[in-house]
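# Survey of secondary and tertiary structure
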Amino acid sequence: MRPTYDTRTAPTDTGGLTLPVGRRMLAGMESSINLSTVDMAVRIGRLTLRNPVVTLSGTCGYGDEYGPFMDLSLLGAFTTKSVTLEPRRGNAPPRVVETAGGMLNAIGLANVGLERFIAEKLPVLSALGVPAIVNVAGHTIEEYVKVCRTLDAQPAVAGLELNVSCPNVADGLVFGTDAGALGELVRAVRAEVRRAVLIVKLSPNVTDISRTAAAAIEAGAEALSMVNTFVGMAIDIERRRPVLSNTTGGLSGPAIKPLALHMVHRVYRQVAGPAGIPIIGMGGIVTWRDAVEFILAGATAVGIGTALFIDPTTPLKVVEGLRAYLASRNILAVSELVGRLERGR
Amino acid sequence: MHLEARSPTDRGARSVFLAAVRANDPVCRDHYRLILALAGFPSAQPGQFVQILCADPEGPPWAGGAFTRRPFSIGGLRRTGNDCELDIIYRVIGPGTKWLAGLRPGVQVSVLGPLGRPFELPADRPVAYLVGGGVGLPPMIWLAEVAAAVGRQVVAFCGARSADSLPLRPRGRQDAVPLSPTEPTLCMEEFAQWGVPAVVCTDDGTLGRRGRVPEVFTSYLASHADEAAQAVVYTCGPEPMLRLVARSCELLGIPCQVCLERTMACGMGTCQSCVVRIRDASDAQGWRYQLCCTDGPVFDSRAVVWQDEKWGT
Ligand SMILES: Cc1cc2nc3c(=O)[nH]c(=O)nc-3n(C[C@H](O)[C@H](O)[C@H](O)COP(=O)(O)OP(=O)(O)OC[C@H]3O[C@@H](n4cnc5c(N)ncnc54)[C@H](O)[C@@H]3O)c2cc1C
Ligand SMILES: Cc1cc2nc3c(=O)[nH]c(=O)nc-3n(C[C@H](O)[C@H](O)[C@H](O)COP(=O)(O)O)c2cc1C
Ligand code: FES
């Protein structure tokens, strides 16, 4: 029989998987705790999420698009498309192309701008009954500060996630790749944000992600989202031109999972773990098994992006699969699993 | 039946369905008709589409046919109680459609929908001209059924490169399709079954009239001015064809609804990948982007800035 990659069947086996926690605790035994007694809540800074699964910026719109598919209040949190001070049209099409096990996108931060976001999108978002994390992007420190200050005054905004890592606009990447510039940006925003939880979303397009992670934490980030997309490209060999009008795009989906997982592991070990700063792990998560890997590597919460395009209900399946995994191993709280990777074989 | 324009926030009922393949048969070279059976499919209208997962719904998403879903127009819909059959006519051009072509009756496919804004049938225009080219024909087949059912006088104009790339079945013998410039006849099964006459043309003249569908349609408009004055034109196919059809309509002041295609990742308005330029006098550059998947795929032809059109700044 072929393995089931879905979460419709509860994972009660340990066969074939290297699961140190489970092996140590209850290898091969039937679950002895009830599914409903597993504590799925996690803390991201001052924010408590009912479960560790969040939807990712740029893949779930502003909130109402996936309403017909699921009860969004069952999510841990919802992250909006990047919001900028002024509206942006974004890049010319084609903006996306499929590649092996993933896709490249060069949307170019197309968004309605701060004013219309607050007037039109935030009321819809706040009615969903899920903590709203607003992803913020900008050209300059002043722009980030202005947008964050304005959003911090909106009670519906639970968290602010600084996108310093968009590979598709000329200005986005500089804060994400230069630890000094990043520290300066986060410090400036930190001074203005009082209420909302401040999250920094790191770029993977760096030589040593621990350096930017350390700079963000030192400047006051309460949590790290990692990672954004990896810069890549695709070429149309008939036309001898790049497929994307922007030439390059950001790679997402299962293709980047091993890379993202490694980065979460590295930052958790070297910087975030010791500093007690939670990581929202993301990059190619499709199934609950992927989520378990990220949590074992050190993520407190996990994000689902590209997988939503294939099945908008993926986050709920991941929550249920994760819950069943924990119950089957008698782990009472998901937070106990964070970073519980054993060394060696 | 007047199809109301929905407000931008009303996206209508939609969901992910596991559908069973009823049939998946070749219709002409590289084209297949897929019939999917599913339960509880929400109310849908011609012009809307579904996103099909061209990979095993139980398998890992990186194996099999294609990773992201692929959009296909609904080419027909039949209901019996809660059960529903969807017709999809597709052309094999890449990994996703190649995977579809291998489907056998009985296997399951994941279908997401219905999506997009449908065609509108304004009550004050009793004539409907449907102009379809190649894989733009499927939505026209369903529209013919619905428009005829609500009492429109419908005429279909069907084009393809060659007889063997026209995904329609000639009624009777193939050589019975008129080759001379005559009136539309009940020549194609898919339209004739709804009592809808059609004009067929192929670039190489291997079936119907030799020539391209916009030219044939434009000459029809010229010779049927009174009828055309009461018509709405609905068109779907390659964009250069749509542009020519739209231009003829605009010159004569006939409303024209175009069904556009863009590369889509989500189909649900979240990824912003499927943008279409829309004329906007209030914009400094003269245009703004709308989404093909949610604001479209059906647009008023006068609003569209065509892909290769120089417009604004
Ligand atoms: C709203 C909508 C309705 C559609 N209805 C139908 C239909 O009824 N029947 C049908 O056969 N096809 C239809 N299409 C097109 C269909 O979605 C594509 O043919 C399909 O996605 C190809 O997938 P693939 O994996 O086989 O090929 P891919 O490898 O994805 O594509 C092969 C080639 O076609 C190009 N291409 C892919 N998708 C599109 C697109 N959407 N527009 C323009 N070029 C594209 C690619 O760039 C590539 O060069 C529709 C598209 C849209 C947006
Ligand atoms: C179409 C698309 C648009 C995206 N837009 C944004 C964005 O506006 N801001 C941002 O911080 N990240 C954006 N991302 C990155 C995702 O939030 C996420 O970090 C990345 O896709 C990796 O996760 P995944 O593999 O689960 O998709 C986008 C990703 C995709 C696929
Ligand atoms: S396909 Fe994603 S917004 Fe249209």
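Residues numbered from 1 in each chain as written. Chains lettered and ligands numbered in written order. Predicted model: local features only at pLDDT ≥ 70, side-chain atom pairs only at ≥ 80, totals over all residues.

We now examine the overall build of chain A. Within chain A, the regular secondary structure consists of 10 helices and 16 strands. Within chain A, counting contacts between residues at least 6 apart in sequence, those at least 24 apart form 73% of the total. (Helix = DSSP H or I, 4+ residues; strand = E, 2+ residues; numbered from the N terminus. Contact = placed C-beta atoms within 7 Å.)

Attention shifts here to the overall build of chain B. Tallying secondary structure elements over chain B gives six helices and 17 strands in all. For 313 residues, the compact-globule estimate of 2.2 N^0.38 gives 20 Å, and the C-alpha radius of gyration of chain B, at 19 Å, lies within 12% of that figure. If you line up chain B on its principal axes, its C-alpha atoms span 55 × 55 × 35 Å. Pairs at least 24 residues apart make up 66% of the contacts formed inside chain B by residues separated by at least 6 positions. (Rg over C-alpha atoms; globule rule 2.2 N^0.38 Å.)

Attention now moves to the sheet that holds strand 2 (residues 31-39) of chain B. Residue and element names in this part refer to chain B. Read from one edge to the other, the open sheet built from seven strands follows the order 4-3-7-1-2-6-5, with strand pairing classed as antiparallel. One side of each edge strand has no neighbouring strand; the edge strands of this open sheet are strand 4 (70-73) and strand 5 (76-80). Ignoring strand direction, the axes of neighbouring strands in this sheet form an average angle of 35 degrees. Where helix 2 (residues 137-149) meets the sheet, its contacts fall on strand 4, strand 5 and strand 6 (83-91), and the angle it forms with strand 5 comes to roughly 50 degrees. (Pairing = 2+ DSSP bridges. Axes fitted to C-alpha atoms, helices over the stretch in contact; angles between N-to-C directions.)

This brings us to the sheet that holds strand 14 (residues 275-279) of chain B. All names here are of chain B. If you walk across this open sheet you meet the three strands as 15-14-17, and the pairing is antiparallel. The open sheet has two free edges, formed respectively by strand 15 (287-291) and strand 17 (304-305), since each of these has just one partner strand. As judged from the two bridges shared by strand 14 and strand 17, these two strands associate in the antiparallel manner. Each residue of the ladder has a partner; that of isoleucine 278, found in strand 17, is valine 304.

Time to look at the site of ligand 1. All names here are of chain B. Surrounding ligand 1, one finds 21 residues, the nearest of these being Arg70, Tyr90, Gly94, Gly96 and Thr97. For the shell around ligand 1, the elements supplying multiple residues, two or more each, are strand 4, strand 6 and helix 1 (95-101). Broken down by element, the residue count for the shell around ligand 1 peaks at four residues, all from strand 4. A breakdown of the residues in the shell around ligand 1 according to their chemical character gives 12 nonpolar, five polar and four charged. Three or more residues apiece are contributed to the shell around ligand 1 by two domains, here domain 1 (15-115) and domain 2 (127-261 + 297-305). (Near = placed C-beta within 6 Å. Nonpolar A, V, L, I, M, F, W, Y, C, P; charged D, E, K, R; others polar. Domains from an automatic or database assignment.)

Glancing now at the site of ligand 2. Ligand 2 sits among 27 residues. The nearest are Gly58(A), Ser82(A), Ser252(A), Gly305(A) and Thr306(A). More than one chain reaches ligand 2: its neighbouring residues belong to chains A and B. Split by residue class, the shell around ligand 2 holds 10 nonpolar, 15 polar and two charged.

A few words now on the domain arrangement of chain B. Residues and elements named next belong to chain B. Segmenting chain B into domains produces domain 1 (15-115) and domain 2 (127-261 + 297-305). The gap between the C-alpha centroids of domain 1 and domain 2 is 25 Å. With 15 residues of domain 1 at the contact, the number on the domain 2 side is 16 residues. Secondary structure elements with two or more residues in the side of domain 1 that touches domain 2: strand 1 (15-28), strand 5 and strand 6. Of the residues forming the side of domain 1 that touches domain 2, the biggest block, three residues, is contributed by strand 6. In terms of residue class, the side of domain 1 that touches domain 2 is built from eight nonpolar, five polar and two charged.

Now for the pairing of strand 6 of chain B. Residue and element names in this part refer to chain B. Summarising the sheet, strand 2 and strand 6 pair through nine bridges and their orientation is antiparallel. Bridged to leucine 38 within strand 6 is cysteine 84. A loop of two residues connects strand 5 with strand 6, the two strands running antiparallel in sequence, and glycine 81 in this loop sits at a positive phi of about 60 degrees.

Residues and elements named next belong to chain A. By the criterion of burial, helix 8 (residues 288-297) is predominantly enclosed, with nine of the 10 residues buried. Residues of helix 8 that are buried: Trp288, Asp290, Ala291, Val292, Glu293, Phe294, Ile295, Leu296 and Ala297. Packing partners of the buried residues in helix 8 comprise strand 3 (53-55), helix 7 (257-275), strand 15 (279-282), strand 16 (301-304) and helix 10 (314-328). With its phi angle positive at about 130 degrees, glycine 298 sits one or two positions after the end of helix 8. (Buried ≥ 20, exposed ≤ 12 C-beta atoms within 10 Å, placed from the backbone.)

As a further point, take the confidence of the model for chain A. For chain A, mean pLDDT is 88; residues scoring 70 or higher make up 88% of the total. A low-confidence stretch, residues 1-29 of chain A stays under pLDDT 50, and its non-local contacts, those more than four residues away or across chains, total 39 contacts. (pLDDT = per-residue confidence, 0-100.)

Here we come to the pairing of strand 3 (residues 49-52) of chain B. Residue and element names in this part refer to chain B. Burial along strand 3 is two-sided: Phe49 and Gln51 and Val50 and Ile52, pointing in opposite directions, are all buried. Where strand 3 meets strand 4, four bridges bridge the pair, whose relative direction is antiparallel. Residue pairing across strands places phenylalanine 49 opposite serine 73, the latter belonging to strand 4. Here strand 3 runs beside strand 7 (residues 108-115); their pairing, made up of three bridges, is antiparallel. Residue glutamine 51 lies in a different strand from strand 7, and its bridge partner there is leucine 112.

All names here are of chain A. Direction vectors running N to C along helix 3 (residues 141-152) and helix 5 (residues 179-190) enclose 30 degrees, while the axes themselves pass 9 Å from each other. One way to sum up the angle between helix 3 and helix 5 is to call them roughly parallel. Two packed elements cross with a definite hand, and for helix 3 against helix 5 that hand is right-handed. Of helix 5, the residues touching helix 3 (which contributes Ile141, Tyr144, Val145 and Cys148) are Glu184, Leu185, Ala188 and Val189. Classifying every residue of the contact of helix 3 with helix 5 by side-chain character gives seven nonpolar, no polar and one charged. (Parallel < 35°, antiparallel > 145°, perpendicular 65-115°, else oblique. Left-handed = near helix turned anticlockwise from the far one by under 90°.)

Another point: the interface of chain A and chain B. Interface extent is often summarised as the accessible area lost during association of the parts. Contacts between chain A and chain B engage 31 residues on the former and 28 residues on the latter. Breaking the side of chain A that touches chain B down by element, the ones donating at least two residues are strand 5 (96-99), strand 6 (102-105) and helix 9 (307-310) of chain A. When residues in the side of chain A that touches chain B are grouped by element, the largest group, three residues, is from strand 6 of chain A. Here the residues of the side of chain A that touches chain B are counted per class, giving 14 nonpolar, 10 polar and seven charged.

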